[in-house]
Amino acid sequence: MNRHVSFERLHNFRDLGGYPTADGRTVRWGRLFRADSLGKLEGGDWERFLGLGIETVIDLRYPWEIESKGRVPGHPSLAYHNLSVEHRPYDQAALGPDVEPGPYLAERYVEVAHDGVAELRLALGVLASQDGPAVFHCASGKDRTGLLAALVLALLGVSEQDIVDDFALTGLATGRLLDDWRAGHPGRTRVWPGYGRAPAEVMSLFLAALAAEHGSVHGYAADLLGADAALVEALRVRLLEPAAGAPAHGDHPER
């Protein structure tokens, strides 16, 4: 199953549909996407993006990243939200070669999960309230994007193994992401071998850390993000295929 949507300049644009949930339902295809920077959209890529019918864009980057690299082009069909979830910037490419990606990145994700509470809460609210397809993204579509993807999928009832496997799919885009980095940093040498990579251990350790502190991802979301039963149900109504015999969201049962 190939979740990557092919673009010329975007390398990590993926559909989060198709994952089964604990209650036997499935995440809807074509409703929720994750991506690397949409500031790279132009030409044929832009037309393909518009063809997906996306109505909501959540940009998880810092404002200074957007000023430097651009944002998704404006369009009447798009509602744009800049929710910068990371509050402590760090330079992954400059890390020493002895830094282990799994523990190091998992610790950064835990920081974001606590520093970015306000922005993550808003992101969940946006996704729970929108009716059309949505996409969220950061720069490479790996770390900040991977964190939000994990939260949403967990709240929908997707298994931890599928969440970890989804995170690791960024590995299929690592080569092109590294090419982008080299093109954007002429004369600079990438020191950290882990840059651009997405080993499954990162997400496994992050989820374990949330579970150790809050009992589960659901516990974290309820405790810190205010993800109550109503919010979770709204996410499920909008992003899951209806249960057998139930009308789809937006449909009306026959009277």
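Nothing here was measured: the structure is a model prediction, and the numbers come from that model.

A.B. asks: Mind showing me how you'd approach the packing of helix α5 (residues 143–156) against helix α10 (residues 229–239) here?
C.D. replies: A pair of packed helices is captured by two measures, namely the crossing angle of their axes and the spacing between those axes. Contact geometry for α5 and α10: axes closest at 9 Å, N-to-C directions at 90 degrees. With respect to α10, the axis of α5 lies roughly perpendicular. Seen from α5, the contacting residues are V152, L155 and L156; seen from α10, they are V232, L235, R236 and L239. Split by residue class, the contact of α5 with α10 holds six nonpolar, no polar and one charged.

A.B. asks: What exactly am I supposed to notice about helix α3 (residues 101–115) here?
C.D. replies: Within an α-helix, residues lying three or four positions from one another point in the same direction, as the helix has 3.6 residues per turn. The first and last C-alpha atoms of α3 sit 21 Å apart over 15 residues, in line with the 21 Å expected at 1.5 Å per residue. Along α3, the positions that sit buried rather than exposed are P101, G102, Y104, L105, A106, R108, Y109, V112 and A113. Those residues of α3 hidden inside the fold are in contact with α4 (117–129), α5, α6 (160–168), α8 (200–214) and α9 (217–225).

A.B. asks: How should I be thinking about the side chain of H11 in this particular structure?
C.D. replies: For H11, the position within the fold is in the segment before β1 (14–15). Residue classification places H11 among the buried residues on the basis of a relative accessible area of 10%. A distance of 3.1 Å separates a polar atom in the side chain of H11 from a polar atom in the side chain of R176. If sequence neighbours within four positions are ignored, H11 has contacts with H4, D36, K40, A173, R176, L177 and D180.

A.B. asks: In this structure, what is going on with the pattern of salt bridges? I would like to understand it.
C.D. replies: When their charged atoms lie close together, side chains carrying opposite charge are able to pair. In the structure shown here, the tally under the stated rule is 16 salt bridges. Salt-bridge contacts for D166 lead to R14; the nearest nitrogen and oxygen are separated by 3.5 Å. On the criterion of sequence distance, the pair formed by D166 in helix α6 and R14 in strand β1 is long-range, its members being 152 residues apart. Among the ionic pairs, E111 bridges to R108, the shortest N-O distance being 3.0 Å. Placement of the pair is E111 and R108 together in helix α3, with a separation of three residues, close to one helical turn. Judged by relative accessible area, which is 13%, R108 ranks as buried. Through salt bridges with shared partners, a single network forms among R88, E107, R108, E111 and D115.

A.B. asks: Please clarify how the pairing of strand β2 (residues 32–35) should be interpreted in this entry.
C.D. replies: It is a general feature of regular strands that their side chains alternate between the two faces of the sheet. Alternating positions in β2 separate into two faces, L32 and R34 on one and F33 and A35 on the other, with burial throughout. As defined by bridge partners, β1 adjoins β2 across two bridges and the pair is classed as antiparallel. Residue pairing for β2: R14 is matched across the bridge by R34. Where β2 lies against strand β5 (residues 134–137), four bridges are found, and the strand directions are parallel. Residue pairing across strands places R34 opposite F136, the latter belonging to β5.

A.B. asks: Help me understand the sheet that holds β2, please; the structure alone is not making it clear to me.
C.D. replies: Sheet strands pair via backbone hydrogen bonds, and the direction of the pair is either parallel or antiparallel. Taken in spatial order, the five strands of this open sheet run β1-β2-β5-β3-β4, and their pairing is mixed. Each of the sheet's edge strands pairs with one partner strand only, and the pair in question is β1 and β4 (79–82). As judged from the four bridges shared by strand β3 (residues 56–59) and β4, these two strands associate in the parallel manner. Each residue of the ladder has a partner; that of V57, found in β4, is Y80.

A.B. asks: Explain the confidence of the model for the protein chain here, please?
C.D. replies: Do not read the predicted coordinates in detail wherever pLDDT is low. Residues of the protein chain with pLDDT of at least 70 account for 95%, and the chain-wide mean is 93. Below a pLDDT of 50 lies the segment residues 251–255, which in the model reaches one contact outside its immediate sequence neighbourhood of four places, other chains included.

A.B. asks: What is the right way to look at the environment of R197 in this model?
C.D. replies: With respect to the helices and strands, R197 occurs in the loop between α7 (174–184) and α8. Sequence separation between R197 and E65 is 132 residues; the distance between their C-alpha atoms is 20 Å. Ignoring anything within four residues of it in the chain, the contact list for R197 reads K142, T174 and L178. From its side chain, R197 meets the backbone oxygen of P193 in a polar contact 3.0 Å long.

A.B. asks: Just checking my understanding: could you explain the packing of aromatic side chains for this structure?
C.D. replies: When we look at a pair of aromatic rings, we describe it by the centre distance and by the angle of the planes. Applying the stated rule across the entire model yields ten aromatic pairs. The rings of F7, F13, F33, W46 and F49 are connected pair by pair, giving a single aromatic cluster. In this arrangement the basic side chain of R3 is found over the ring face of Y19, its NZ or CZ atom lying 3.8 Å from the centre. The side chain of R48 reaches across the aromatic face of F7, ending 5.9 Å from its centre.

Scoring rules and cut-offs
Residues numbered from 1 in each chain as written. Predicted model: local features only at pLDDT ≥ 70, side-chain atom pairs only at ≥ 80, totals over all residues. Heavy atoms only, no water. Axes fitted to C-alpha atoms, helices over the stretch in contact; angles between N-to-C directions. Helix = DSSP H or I, 4+ residues; strand = E, 2+ residues; numbered from the N terminus. Parallel < 35°, antiparallel > 145°, perpendicular 65-115°, else oblique. Contact = heavy atoms within 4.5 Å. Nonpolar A, V, L, I, M, F, W, Y, C, P; charged D, E, K, R; others polar. Expected span 1.5 Å × (residues − 1). Buried < 20%, exposed > 50% of the residue type's maximum accessible area, 1.4 Å probe, protein only. Polar contact = N/O pair within 3.5 Å; in protein donor to acceptor, adjacent residues only side chain to side chain. Salt bridge = Lys/Arg side-chain N within 4 Å of Asp/Glu carboxyl O. Pairing = 2+ DSSP bridges. pLDDT = per-residue confidence, 0-100. Phe/Tyr/Trp six-rings, centres within 6.5 Å; stacked < 30°, edge-to-face > 60°. Lys NZ or Arg CZ within 6 Å of the ring centre and 35° of its normal.

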